[in-house]
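Below, each chain spelled out in residue letters.
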Amino acid sequence: MPTPLIECVPNFSEGRDHAAIEAIADAVRSVEGVKLLNVDPGASTNRTVFTFAGEPVAVCEAAFRAAKAGIERIDMSRHHGEHPRFGALDVCPLVPIAGITMEETAAYARALGKRLGEELGLTIYLYGEAATSPVRKDLSYVRSGEYEALPEKLKTPEWRPDFGPPAFNPRSGASAVGARDFLIAYNVNLNTTSTRRANSVAFDVRERGRVKRIGNPISGEIVRDSEGNPVHEPGALKSVKAIGWFIEEYGFAQVSMNLTSIRETPIHVAFDTCCEKAGARGIRVTGSELVGLIPLQSILEAGRYFLRKQQLSVGVPDSELVRVAIKSMGLDELGPFDPQVRIIEYAMVDTANHTLVNLSTKAFVEKVASESPAPGGGSVSALLGALGAALGTMVANLSAHKRGWDDRWEEFSQWAEKGKQCYTELLALVDEDTAAFDALMAAFSLPKDTEDEKAARAAAIQGATRGAIEVPLRTMEVAYRSMEVIRAMAETGNPNSVSDAGVGALCAVAAVRGAHLNVKINCSGLKDEAFVAKATAKASQIEKQAIAAESTILDSVEKKL
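Numbering of residues begins from 1 in every chain and follows the order in which that chain's sequence is written. In view of the model being predicted, local features appear only for residues whose pLDDT reaches at least 70, and side-chain atom pairs are presented and counted only at 80 or more, with totals across whole chains, interfaces and linings using the full set of residues. Based on all heavy atoms of the structure, the side-chain values leave hydrogens and waters out of the count.

Some points on the packing of helix H13 (residues 377-400) against helix H15 (residues 451-492)
Turning to step 1, where the next piece is worked out: Across the interface, H13 lies against H15 with an axial gap of 9 Å and an inter-helix angle of 25°. The orientation of H13 relative to H15 falls into the category roughly parallel. Crossing of H13 against H15: the hand is left-handed. Packed against H13, whose contacting residues are Ser381, Ala382, Gly385, Gly388, Ala389, Gly392, Val395, Ala396 and Ser399, the element H15 presents Thr475, Ala479, Ser482, Val485, Ile486 and Met489 at the interface.
Turning to step 2, where the next piece is worked out: For the contact of H13 with H15, the class distribution of residues is eight nonpolar, seven polar and no charged. Every axis corresponds to a line fitted to the C-alpha atoms, with the helix fit spanning only the stretch in contact, and the corresponding angles, defined between N-to-C directions, vary from 0 to 180 degrees. Note on conventions: DSSP H or I runs of at least 4 residues are helices, E runs of at least 2 residues are strands, and numbering of each starts at the N terminus. Angles are sorted into four bins: roughly parallel if under 35 degrees, roughly antiparallel if over 145, roughly perpendicular if 65 to 115, and oblique for all others. Here is the rule for handedness: rotate from the far helix to the near one, and if that takes an anticlockwise turn smaller than a right angle the crossing is left-handed, while a clockwise turn gives right-handed. Here, two residues are considered to be in contact whenever any of their heavy atoms come within 4.5 Å of each other. Gly is placed with the polar residues, together with every amino acid not listed as nonpolar (Ala, Val, Leu, Ile, Met, Phe, Trp, Tyr, Cys and Pro) or charged (Asp, Glu, Lys and Arg).

Quick notes on the sheet that holds strand E14 (residues 252-259)
Consider a sheet: its strands pair through backbone hydrogen bonds, and that pairing is either parallel or antiparallel.
Turning to step 1, where the next piece is worked out: Note: two strands are recorded as paired if DSSP finds a minimum of 2 bridges between them. Taken in spatial order, the four strands make up an open sheet running E13-E14-E8-E15, and their pairing is antiparallel. The open sheet has two edge strands, strand E13 (240-247) and strand E15 (285-291), and neither has a second partner. In this sheet, neighbouring strand axes are inclined to one another by 25° on average, regardless of whether the strands run parallel or antiparallel.
Turning to step 2, where the next piece is worked out: In terms of strand pairing, strand E8 (residues 184-190) meets E15 through six bridges, oriented antiparallel. Counted as the bridge partner of Ala185 is Val291 from E15.

Examining the packing of H13 against helix H14 (residues 409-444)
When two helices pack together, you describe them by how their axes are tilted relative to each other and by the distance separating the axes.
Turning to step 1, where the next piece is worked out: Between H13 and H14, the least distance of the axes is 8 Å, while the angle of their chain directions is 165°. Classified by the angle between their axes, H13 and H14 sit roughly antiparallel to one another. The chirality of how H13 crosses H14 is left-handed.
Turning to step 2, where the next piece is worked out: When grouped by side-chain class, the residues that make up the contact of H13 with H14 number 17 nonpolar, nine polar and two charged.

Regarding the environment of Val9
Turning to step 1, where the next piece is worked out: With respect to the element layout, Val9 can be found in the loop between strand E1 (5-8) and strand E2 (11-12).
Turning to step 2, where the next piece is worked out: Accessible area is worked out with a 1.4 Å probe on protein chains only. A residue is then buried under 20% of its type maximum, exposed over 50%, and partly exposed in between. For Val9, a relative accessible area of 9% gives the class buried.
Turning to step 3, where the next piece is worked out: Each C-alpha atom of the pair Val9 and Asp181 lies 12 Å from the other, and the pair is 172 residues apart in sequence.
Turning to step 4, where the next piece is worked out: Setting aside its immediate chain neighbours within four residues, Val9 contacts Val49, Phe50, Thr51, Val91, Pro93 and Arg180.

Observations concerning the packing of aromatic side chains
Turning to step 1, where the next piece is worked out: Only Phe, Tyr and Trp rings are paired, with Trp represented by its six-membered ring, and only when their centres lie within 6.5 Å; those with planes under 30 degrees apart are stacked, over 60 edge-to-face, the remainder tilted. For the structure shown, the criterion picks out nine aromatic pairs.
Turning to step 2, where the next piece is worked out: Considering the side-chain rings of Tyr125 and Trp159, the 6.0 Å spacing of their centres and the 80° angle between planes classify their relative orientation as edge-to-face. Of this pair, Tyr125 sits in strand E6 (residues 123-128) while Trp159 sits in the loop between helix H5 (146-153) and strand E7 (174-179); the two residues are 34 residues apart in sequence, bridging distant segments of the chain. This pair shows no difference in class: Tyr125 is buried, exactly as Trp159 is.
Turning to step 3, where the next piece is worked out: A ring pair is formed by Tyr305 and Phe306, whose centres lie 5.0 Å apart and whose planes are at 80°; its orientation type is edge-to-face.
Turning to step 4, where the next piece is worked out: Taking the relative accessible area as the measure of exposure, Tyr305 reaches 25% and is therefore partly exposed.
Turning to step 5, where the next piece is worked out: When its relative accessible area of 7% is taken as the criterion, Phe306 is described as buried.
Turning to step 6, where the next piece is worked out: Counted as over-ring charges are cases with an Arg CZ or a Lys NZ within 6 Å of the ring centre that also lie within 35 degrees of the ring normal. A cation over an aromatic ring shows up here: Arg115 above the ring of Phe64, its NZ or CZ 3.7 Å from the ring centre.
Turning to step 7, where the next piece is worked out: If you follow Lys153 out to its NZ or CZ, it ends over the ring of Trp159, 3.8 Å from the centre.

Let's talk about the environment of Gly463
Turning to step 1, where the next piece is worked out: Within the fold, Gly463 resides in helix H15.
Turning to step 2, where the next piece is worked out: With 63 residues separating them along the chain, Gly463 and Leu526 place their C-alpha atoms 8.8 Å apart.

Topic: the nonpolar core
Turning to step 1, where the next piece is worked out: Nonpolar core, defined: a set of buried Ala, Val, Leu, Ile, Met, Phe, Trp, Tyr and Cys residues in which side-chain atoms within 4.5 Å join the residues together. Core analysis: the largest hydrophobic core is formed by 54 residues, its most contacted members being Val34, Phe52, Phe86, Leu94, Leu112, Leu116 and Val177.
Turning to step 2, where the next piece is worked out: Considering every element that reaches this core, the biggest residue donor is helix H2 (residues 56-73), with ten residues.
Turning to step 3, where the next piece is worked out: Counting 53 residues, the second-largest nonpolar core is a separate cluster that includes Val188, Val201, Leu237 and Leu259.

Brief notes about the pattern of salt bridges
If the charged atoms of two oppositely charged side chains come close together, the side chains can form a pair.
Turning to step 1, where the next piece is worked out: Note on definitions: salt bridges are taken to be side-chain nitrogens of Lys or Arg within 4 Å of carboxyl oxygens of Asp or Glu. Summed over the entire model, instances satisfying the criterion amount to 35 salt bridges.
Turning to step 2, where the next piece is worked out: Arg210 is the salt-bridge partner of Asp204, the closest N and O atoms lying 2.7 Å from each other. Accessibility classification places Asp204 together with Arg210 in one group, the buried group.
Turning to step 3, where the next piece is worked out: A salt bridge links Glu320 to Arg323, with the nearest nitrogen and oxygen atoms 2.9 Å apart. Taken as a pair, Glu320 and Arg323 lie in helix H9 (residues 318-329) at a separation of three residues, close to a single helical turn.
Turning to step 4, where the next piece is worked out: The exposure class assigned to Glu320 is partly exposed, which follows from its relative accessible area of 27%.
Turning to step 5, where the next piece is worked out: The class for Arg323 is partly exposed, based on a relative accessible area of 43%.

Encoded structure:
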C-alpha cells in the first residue's frame with residue numbers, strides 16, 4: 001500500500017497583508033514531512049488559499065499551526081472582501097490523495113476540528129464528508145449569512161457549533177473544517193472565439209445543465225415548476241460546474257470546469273465529453289489546461305483510458321501513462337506541462353533524498369561493491385526479481401502490439417498489468433530491505449548500561465529482526481508471483497521474445513533463492529520459535545515452487561528456440 005497522503009487547502013481571510021500571509025506559510029513549512037505546494041493570495045477577495053500535502057498526522061499539525069498563526073494576525077471585525085467568508089480561518093478542507101479512504105480522512109478532519117476548538121478556542125463547524133448532520137455537508141449552508149450573521153445564529157440551538165465556544169468571537173468568527181474530494185479546476189480549449197458557443201458546450205456537460213424552454217432553446221418560453229422556479233435539463237456530467245468564456249490572452253474560448261468529484265467524473269471523461277459535445281456543434285477541441293495540481297492516480301487513469309481506446313496495452317511504465325495522458329488531452333498546448341511540478345506525488349518528492357532505486361545502474365553496482373554491508377543480498381535479490389518481472393511485462397507488451405494478434409491485445413494487456421504490479425512492488429522492496437537492515441543495526445547500537453536499557457535494546461533487536469525476515473519473505477512471494485506472468489509469456493507470448501521470458505525466469509528464481517538466504521540468516525537471531533517455524537516453512541515452500549516453475553518455463557523456452 002502507498003504511504004497515506006492527504007492535501008489540506010485552508011482559506012484564510014487575508015489577501016493583502018504580506019507579512020501575515022508569510023507567517024502562515026512559515027507555520028506550515030515548520031512541520032517536517034509537509035510540503036507547501038502553493039500560496040495564492042487575492043487582494044480583491046482579501047483571501048489567501050494555501051495548499052500543502054503530506055502524511056495525515058503531519059498535515060493536521062501544519063493546519064493547526066497555520067490556524068494559530070492566522071488568528072493571531074487576522075481581525076475579522078475589520079475584514080472586507082468580495083469572497084463569501086465567516087472566519088479568519090474561513091474553511092479548512094482535508095482531501096485524500098493516496099493510500100487513504102475518504103472515511104479515514106473525515107476522521108482526521110473531525111480530530112483537527114476538535115483540537116482547533118479546544119486548544120485555540122475557535123468556533124468550528126464540520127462540513128463535507130466530516131459533517132455531523134446531512135444539512136451541514138454543504139459549505140454554502142454552513143456559511144450562510146457569512147460573518148455578519150454569526151452573532152444571531154450562534155444564539156440558536158440549530159447553529160450550535162460542533163466544537164469550540166458557542167459564542168460570537170468578533171475577531172476570529174467561525175471556521176468550517178471538513179473532508180472533501182479532490183477538486184480539479186480544468187479548462188478545455190476550443191477553436192472558436194465565441195463565448196456563446198463555448199457556453200453552449202458548457203451547458204451540455206455541466207451537471208446543472210440548462211434552463212428548459214418551449215420551442216426555441218434560446219428564446220423560447222422557460223418551463224417552470226409548480227412553485228414558479230425554472231426547470232433545468234441536466235447536463236452529461238455529474239459533479240461538474242462549467243461556464244464558457246473567451247480568453248483574450250489566448251485568443252480563443254474555453255469551457256471552464258470545476259470537477260468537484262473526480263471519482264464521479266474523472267478528468268479524461270470530462271475532456272472526451274467536451275470533445276463529443278463540441279464536435280456536435282461544429283467546434284473542435286484543441287487541447288486543455290489544468291489549473292493547479294492533480295493526483296497521480298488521475299493522470300494514470302487517463303493514460304490507461306486513452307491506451308484502451310487505441311486497443312494498446314496499459315501495462316506500461318507510469319512515465320509512459322503520464323506522457324500519453326498529457327498528449328491525449330493536450331495539457332501542454334498552452335505551455336510545458338512538467339509532471340514533477342504538476343502531479344502532487346511527484347511534487348512531494350524530496351529530490352535531495354536519493355533512494356537506491358533512483359540511483360543509476362553504475363552507482364547502484366558501485367554502492368553494492370563498497371565496504372558498506374548494505375545494500376546487500378536482500379536488496380540485490382529484490383532488484384533481480386524486479387528485472388525478471390519487467391522482462392515478463394516487456395514480452396506481454398510486445399505481444400499486445402504484435403501484428404496479426406490484434407484480437408488478443410486485451411489478454412496481453414492484462415498480463416502486462418500483473419507484471420507491472422510485481423516489478424513495482426519489488427522495486428520498493430529494494431529500499432525496504434536495506435531499511436530493515438539499517439533498523440537492525442540501529443537496534444544493536446542502542447545503549448545497554450542499565451537493566452532497563454538492556455531490556456529495551458533486546459526488544460528492539462527482536463522487533464527489527466522480525467522486520468528483516470518479513471521483507472525478504474515478501475520478496476520471495478512477489479518474485480514467485482511474477483513467474484505466473486513469465487510462464488504465460490513463454491508459452492503464449494510473442495515467440496520472437498521467448499528468450500527474454502527465459503531470462504526473466506532465471507532472474508525470478510534467483511530472487512527467490514537469494515531472498516530465502518536472507519530469511520534463513522535472520523531467523524537464526526529471532527527467539528519467537530512459532531514465527532520462525534511458520535516463516536521458514538513458507539519460504540521453503542515458495543523456493544520449491546519457484547524452482548519447479550523455472551524448470552517448466554525453461555522447457556517451454558528451449559522448445560521454441
